[in-house]
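Here's the letter readout for the chains.
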Amino acid sequence: MATPVLQVRNLTTRFKTERGVVTAVDNISFEVAAGETLAIVGESGSGKSVTSMSILRLIPSPPGRIENGEILFDGKDLLKLSEDEMRAIRGDRIAMIFQDSMSSLNPSITIGKQIAEPITLHRNASWNEAYEKARDLLSMVQIPDAQSRLSVYPHQFSGGMRQRAMIAMALACQPKLIIADEPTTALDVTVQAQILDLLKDLTQKAQTSMILITHDMGVVARYADRVAVMYGGRIVEQGPAREIFNRPAHPYTQGLLASIPRIDSDPSKPLPAIEGMPPDLSALPVGCAFAPRCPKATRECLASRPTLTQVGEGHLKACFNT
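Quick summary incoming for the structure in this document. What you see is a predicted model, and the numbers here were worked out from it, not measured in a lab.

Brief notes about unusual backbone geometry
And then number 1: Going from Ser61 to Pro62, the amide bond is cis rather than trans, its omega being -10°.
And then number 2: Turning to its location among the elements, Pro62 is positioned in the loop between helix 1 (48-55) and strand 4 (64-73).
And then number 3: That bond from Pro62 to Pro63 is cis: its omega, 10°, falls within 30 degrees of zero.
And then number 4: Tracing the backbone through its elements, the reader meets Pro63 in the loop between helix 1 and strand 4.
And then number 5: Even without glycine at this site, Asp145 takes up a positive phi of about 50°.
And then number 6: For Asp145, a relative accessible area of 54% puts it in the exposed group.
And then number 7: Not every positive phi belongs to a glycine, and Gln207 is a case in point at roughly 55°.
And then number 8: Structurally, Gln207 can be placed in the loop between helix 8 (189-206) and strand 8 (209-214).

Structure, rendered in structure tokens:
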């Protein structure tokens, strides 16, 4: 693999709640290479979004706290930087596309000003220069009549156009890493495909690395170079996307892939489902978090936690079953 842009090592993030301490991210490690798209996959509540917020140090404190680990970006540990140093990185060298564009965009500020602001902040550009760049970015993300759209407000855009504006904001300062957290939530299927195709194309042209957070394995198959599968705050499998799809090694990954409709499947038969419910992160079991739902679970799985072991080149799984 090429030299990593991002290295996350033994990251643990917890939240204090009325029900107890919730371990949302539990000792995870992964890397993202230059120009690579890493997909982080899992059910709701598996720790995907908390992982992304931890990288940018946006965990609200209290109640949250990054308790352990290193987040190395270009060789510097982000957890050791001051808040001013982190502000200089956010939106400049690391950008984020949030799930809900309507709540992420400021409803009282025009689209043009919201795209231009990081350019003036991080590039010391004048407002005229920043607005010209914002217009070019809107054109790049295929919003028609970009010049006139600079003066409109978010509520005047459709959902797909707001998401394109969010991508334009993310690309404004030509970041080395983009974190896309469920970037097509609430969009219809055709618009989803357009947005993801656009995002992949633009990141490839700019040689920008991307972390794509999703629960949709179909999206992963089409857009990801490598995959990290999360369950119960832990990474249970990771490796090259093709390897994961051709030879899934963890029962949870196998269950996710089995639940995808296939063109050659029998339409009269229901899709397989993973029985049970995701674990309570405030009371994680001592063993494998997936064991209560796993058809292959043994006493060993219930008694001790499996660590990631190699099953192929760059392919790791946390499972006792071979």
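Picking up after the structure, the text goes on.
Quick look at empty space enclosed by the protein
And then number 1: Counted by the stated rule, this structure contains one cavity of 30 Å³ or more.
And then number 2: As a volume, the largest cavity reaches approximately 70 Å³.

Some points on the sheet that holds strand 11 (residues 309-312)
And then number 1: Taken in spatial order, the eight strands line up as 6-7-8-3-9-10-12-11 in an open sheet, and their pairing is mixed. Strand pairing shows two members of the sheet lacking a second neighbour, strand 6 (94-97) and strand 11, which therefore form its edges. Going across the sheet, the axis of each strand differs from the next one's by a mean of 20°, ignoring polarity.
And then number 2: In the sheet, strand 10 (residues 234-240) pairs with strand 12 (residues 315-317) via two bridges, with the strands oriented antiparallel. Bridging across to strand 12, Gln238 finds its partner in Leu316.

Re the layout of surface pockets
And then number 1: Taken as a whole, the largest pocket encloses approximately 570 Å³ of empty space.
And then number 2: Taken together, 21 residues line the largest pocket, and the ones lying closest to its centre are Arg90, Gly91, Met96, Phe98 and Met169.
And then number 3: Among the secondary structure elements, those contributing two or more residues to the lining of the largest pocket are strand 6, helix 4 (111-123) and helix 7 (159-171).
And then number 4: Ranked by the residues each element gives to the lining of the largest pocket, the list is headed by helix 4, at five residues.
And then number 5: Tallied by class, the residues present in the lining of the largest pocket amount to 13 nonpolar, five polar and three charged.
And then number 6: Considered as a void within the structure, the second largest pocket measures approximately 460 Å³ in volume.
And then number 7: Every residue lining the second largest pocket is counted, 25 residues in all, and those nearest its centre are Ser29, Ile235, Gln238, Leu308 and Leu316.
And then number 8: Elements with a contribution of two residues or more to the lining of the second largest pocket: strand 2 (20-33), strand 9 (226-231) and strand 10.

Some remarks on the side chain of Arg164
And then number 1: Position of Arg164 among the secondary structure elements: in helix 7.
And then number 2: Residues within four places of Arg164 in sequence aside, it is in contact with Val141, Gln142, Ile143, Gln194, Ile195 and Leu198.

Rules and cut-offs
Residues numbered from 1 in each chain as written. Predicted model: local features only at pLDDT ≥ 70, side-chain atom pairs only at ≥ 80, totals over all residues. Heavy atoms only, no water. Helix = DSSP H or I, 4+ residues; strand = E, 2+ residues; numbered from the N terminus. Buried < 20%, exposed > 50% of the residue type's maximum accessible area, 1.4 Å probe, protein only. 1 Å grid on protein atoms, 1.4 Å probe; cavity = no way out; pocket = protein on both sides within 12 Å on 5 of 7 lines; lining within 4 Å. Points joined across faces, edges and corners; volume = space filled by probe spheres on them. Pairing = 2+ DSSP bridges. Axes fitted to C-alpha atoms, helices over the stretch in contact; angles between N-to-C directions. Nonpolar A, V, L, I, M, F, W, Y, C, P; charged D, E, K, R; others polar. Contact = heavy atoms within 4.5 Å.

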